[in-house]
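Structural characterization, general
Below are the chains, spelled out letter by letter.
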Amino acid sequence: MAEILVLTCASGKQCTQIIPSLYEQPQKYRLRLVVHSQKSFEKLEKQYPGAEVLQADLNVPGDCARLVDGATTIYYVSPTFQPQEQHFAFNVIDAAMAEKAKPNSKFSHFILSSVLHPEISKLLNHDRKRLIEEYLCESSLCYTILQPSHFADNAIGRLLAKKDCQAPVFMAAHDPEVAFSFSCIRDHAEASVKIIQEQSRHFFATYQLVTTWPMKYTQYVQSIGDVLGKTFEIKRVPYEQAVQKYCELLFGPDRVLDQSLRDAPERLLLYYNSRGIVGNPGVLEWLLGRPATSPAQLASMMVEKGKSTSS
Ligand SMILES: NC(=O)c1ccc[n+]([C@@H]2O[C@H](COP(=O)([O-])OP(=O)(O)OC[C@H]3O[C@@H](n4cnc5c(N)ncnc54)[C@H](OP(=O)(O)O)[C@@H]3O)[C@@H](O)[C@H]2O)c1
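Residues numbered from 1 in each chain as written. Predicted model: local features only at pLDDT ≥ 70, side-chain atom pairs only at ≥ 80, totals over all residues. Heavy atoms only, no water.

Where an unreviewed UniProt entry is consulted, the protein appears under the name NmrA-like domain-containing protein, with the organism given as Cladophialophora psammophila CBS 110553. Here is the UniProt Sequence similarities (unreviewed entry) comment for the protein, exactly as written: "Belongs to the NmrA-type oxidoreductase family." (UniProt positions renumbered as here; feature names shortened; annotations may be inferred.)

Right, dumping it as structure tokens:
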């Protein structure tokens, strides 16, 4: 009988690339796709008619119990920049522990998609994940923690959209001379599927999943420019404007934001003006058994895909 595999933030960037290959194995996995908004509920119901789509409020323990009911594995992606992020995760971990304690429980694996260097206490979105990791490590659950970095995919669409510009400009939300190790969602998704499938081989492991050595944003932007045969001019967006734009991207353009929602983006952009977040791609390459995808390779793949879908 197919095992129940739960994925949270099922409409998000990570799950969008994880779900398709698992959905193709209905004899092995019955997918339970957890969403928050009605819009995502309707979208995923249509996109994956063979999956169970569940709308849940992670603040409500009863909803958290429903989402792990009868499940074997949960792939937990934590909602972005929510002040209650820690409580959401604690509720879901508590629910998983209660599920595991049921007679004849099948629950066996809690996979947490966290973030690279959750110990960075100056960043609220990292600090909250540090506490979540701690809570999970101290639970009685068999777990795996994945630590992706800044996704190379985040800005690629904006760069590729300039492919026909004579003098393309990239508006940088923070100091582009600061170096980051990027992650690529494609590689992150492939590693995630492998970990879901291989299960016990990855129990109690914490993996840094980055795809590049540290590279400055200027190098990242130009590597995409090279794919397009363009030289990008890079301009800085003033800090306050960058925060405003970032908040609009995260929470929608028309919302009057409470300061508790602005805190994390404000600190993130301030931090990125002086420090990047760096890691080593070796762990990801070991897991995948192949070299990681560079931002330039990702851009080339997206350009090729664009050509094949438009022809
Ligand atoms: N972006 C990066 O560069 C990066 C890098 C490393 C780690 N991360 C981490 O990745 C996670 C986000 O994953 P993602 O990028 O796949 O998602 P995403 O594309 O940012 O989408 C946001 C997701 O959050 C869900 N959500 C929003 N508010 C919620 C709430 N109150 N309760 C439950 N779900 C809620 C949305 O669900 P609905 O559509 O149903 O509203 C949606 O699935 C965050 O924890 C972030 O820190 C991001």
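So that's the structure; there's more coming.
1. Quick word on the side chain of Ser114
Residue placement: Ser114 occurs in the loop between β5 (109-113) and α5 (124-137). For Ser114, a relative accessible area of 5% puts it in the buried group. Not counting residues within four places of it along the chain, the set of residues in contact with Ser114 comprises Lys129, Glu133, Ile145, Leu146, Gln147 and Pro148. (Helix = DSSP H or I, 4+ residues; strand = E, 2+ residues; numbered from the N terminus. Buried < 20%, exposed > 50% of the residue type's maximum accessible area, 1.4 Å probe, protein only. Contact = heavy atoms within 4.5 Å.)

2. Description of the nonpolar core
Among the nonpolar cores identified, the biggest contains 39 residues, and Phe170, Tyr220 and Ile277 are the most heavily contacted of them. Elements that contribute at least two residues to this core include exactly α6 (153-160), β7 (169-172), α8 (217-228), α9 (239-251), α10 (259-272) and α12 (295-310). With six residues, the top contributor of residues to this core is α10. Counting the residues that make up this core, at least three belong to each of domain 1 (3-148) and domain 2 (150-182 + 211-277 + 293-311). In this structure, Tyr220 is in contact with Ala152, Ala155, Ile156, Leu159, Phe182, Met215 and Pro295, ignoring residues within four places of it in sequence. By size, the runner-up hydrophobic cluster in this structure holds 31 residues, among which are Tyr48, Leu146, Val193 and Ala292. (Core = buried A, V, L, I, M, F, W, Y, C linked by side-chain atoms within 4.5 Å. Domains from an automatic or database assignment.)

3. Here's the deal with empty space enclosed by the protein
Applying the stated criterion to the full structure yields one cavity of 30 Å³ or more. Approximately 40 Å³ is the volume found for the largest cavity. Lining the largest cavity are Ala10, Ser11, Cys15, Thr16, Ile19, Lys43, Leu44, Gln47 and Tyr48. Among the residues forming the lining of the largest cavity, the class breakdown is five nonpolar, three polar and one charged. (1 Å grid on protein atoms, 1.4 Å probe; cavity = no way out; pocket = protein on both sides within 12 Å on 5 of 7 lines; lining within 4 Å. Points joined across faces, edges and corners; volume = space filled by probe spheres on them. Nonpolar A, V, L, I, M, F, W, Y, C, P; charged D, E, K, R; others polar.)

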